[in-house]
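A structural walkthrough
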Amino acid sequence: MLKSHENYKQLVWRLAKTDFKLRYHGSVLGYIWVILKPLLMFSILLFVFSSIFNFRNSGTPDYPLELLTGLLLFHFFAEATTTGMMSLVSKAQLVTKVYIPRWTIVLGSTMNALFIFGMNLIVLAIFFLFFNKIPTLLGILTFIMYAVILYILAVAFSFLTAPLYVRFRDLGNTWEVILSVLMYASPIIYPLIMLPADIGRIILMNPFAFIIHYAKQGLINDMYTIVPNFLLLVLGIIIAITTSFLIFRKYEKTVAELI
């Protein structure tokens, strides 16, 4: 059992590394795109909402850091869910010609987003130094904890949708639209403090928005949620990952026939 577990770990790691290398193979800028894409969006949104709409003076002096942190977390989630959902189809040759546990393919694909997120965290740290904002140790640990929870949520989504995507390819376009809605329905571009308290509470009922908000608040403002709310989030994530994996194991057997 231990040997089998070690083999699965190596397999997932190899799949993740291969995906990451092939993603930017043949590109002129190569791995620079990992950092360049979120920075370009950050620059545009910062100009629009800080200079034109003046969000920076609306009770959030650290708005640039909040915007960049929120965008990196959003791109992390979007990348992990999208690649995880399409993983079985994109690895059709592995699925149909060689037997390997299907869950390793899904997990390896989502890990590609972890590599990108890790590189973007270096950029985030540079911006914190530039704005002379040093987070507390508790704030950093809280941010890491929420990032891990966000990744688990993305994996749960991938296990649920990967076999569905084999049957319904329109799910990819649908998810792109949902991601756009999710971005504007979460406190990423705008600070939550700008909204009425009632609307803010409704927004935080969304687990994704809850994670984004308190990850930013812990890292930047050293503010945290109450314990019952956090435990409720963890319970929901545990239920989501368990349920999605059981559903995945039920439908993975027919995947090779449908691709």
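Concerning the overall build of the chain
Helix and strand content of the chain: 12 helices and 0 strands. Seen in sequence order, the chain has helices and strands lined up from the N terminus as α-α-α-α-α-α-α-α-α-α-α-α. The proportion of buried residues among the 259 residues of the chain is 45%. Contacts in the chain between residues at least 24 apart in sequence constitute 78% of all its contacts with a sequence separation of at least 6. Accessible surface for the chain amounts to roughly 13900 Å². Of this, 71% is attributable to carbon and sulfur atoms.

Remarks on the nonpolar core
Grouped together as the largest cluster of nonpolar side chains are 68 residues, with contacts concentrated most on Phe 77, Leu 88, Tyr 146 and Phe 208. The biggest single contributor to this core is helix H7 (residues 137-167), with 14 residues.

Digging into the pattern of salt bridges
Taken as a whole, this structure holds 4 salt bridges when the rule is applied. We note a salt bridge from Lys 216 to Glu 66, for which the minimum N-O separation is 4.0 Å. Residue Lys 216 is located in helix H10 (residues 207-221), and its partner Glu 66 is located in helix H3 (residues 63-85); the two are separated by 150 residues in the primary sequence. Since its relative accessible area comes to 6%, Glu 66 is described here as buried. Between Arg 249 and Glu 252 there is a salt bridge; the shortest N-O distance is 2.8 Å. Accessibility expressed as a relative area gives 41% for Arg 249, which makes it partly exposed.

As for helix H11 (residues 227-251)
Here H11 spans 36 Å end to end across 25 residues, near enough to the 36 Å set by a 1.5 Å rise per residue. If you check which residues of H11 are buried, you get Phe 230, Leu 233, Ile 237, Ser 244 and Phe 248. Next to the buried residues of H11 lie helix H4 (87-90), helix H6 (102-130), H7 and H10.

Let's talk about helix H8 (residues 170-184)
Counted at 1.5 Å a residue, the expected span for H8 with its 15 residues is 21 Å, and the 22 Å between its end C-alpha atoms agrees. Restricting attention to buried positions, one finds in H8 the residues Gly 172, Trp 175, Leu 179, Leu 182 and Met 183. Within H8, the buried residues cover an arc of 95° as seen down the axis, which keeps them to one side. Exposed side chains of H8 directed beyond 90 degrees from the buried face belong to Asp 170, Val 177, Val 181 and Tyr 184.

Let's talk about the packing of H3 against H6
Running from N to C, H3 and H6 point in directions that differ by 170°, and their axes come no closer than 8 Å. Classified by the angle between their axes, H3 and H6 sit roughly antiparallel to one another. Relative to H6, H3 is oriented so that their crossing is right-handed. Each of Leu 65, Leu 68, Thr 69, Leu 72, Leu 73, Phe 76, Glu 79, Ala 80, Thr 83 and Gly 84 in H3 lies in contact with H6, whose residues at this interface are Val 106, Ser 109, Thr 110, Asn 112, Ala 113, Leu 114, Ile 116, Phe 117, Asn 120, Leu 124, Phe 127 and Phe 128.

How each quantity is defined
Residues numbered from 1 in each chain as written. Predicted model: local features only at pLDDT ≥ 70, side-chain atom pairs only at ≥ 80, totals over all residues. Heavy atoms only, no water. Helix = DSSP H or I, 4+ residues; strand = E, 2+ residues; numbered from the N terminus. Buried < 20%, exposed > 50% of the residue type's maximum accessible area, 1.4 Å probe, protein only. Contact = heavy atoms within 4.5 Å. Areas by Shrake-Rupley, 256 points an atom, 1.4 Å probe, with all protein chains shown as cover. Core = buried A, V, L, I, M, F, W, Y, C linked by side-chain atoms within 4.5 Å. Salt bridge = Lys/Arg side-chain N within 4 Å of Asp/Glu carboxyl O. Expected span 1.5 Å × (residues − 1). Arc of directions from axis to C-beta. Axes fitted to C-alpha atoms, helices over the stretch in contact; angles between N-to-C directions. Parallel < 35°, antiparallel > 145°, perpendicular 65-115°, else oblique. Left-handed = near helix turned anticlockwise from the far one by under 90°.

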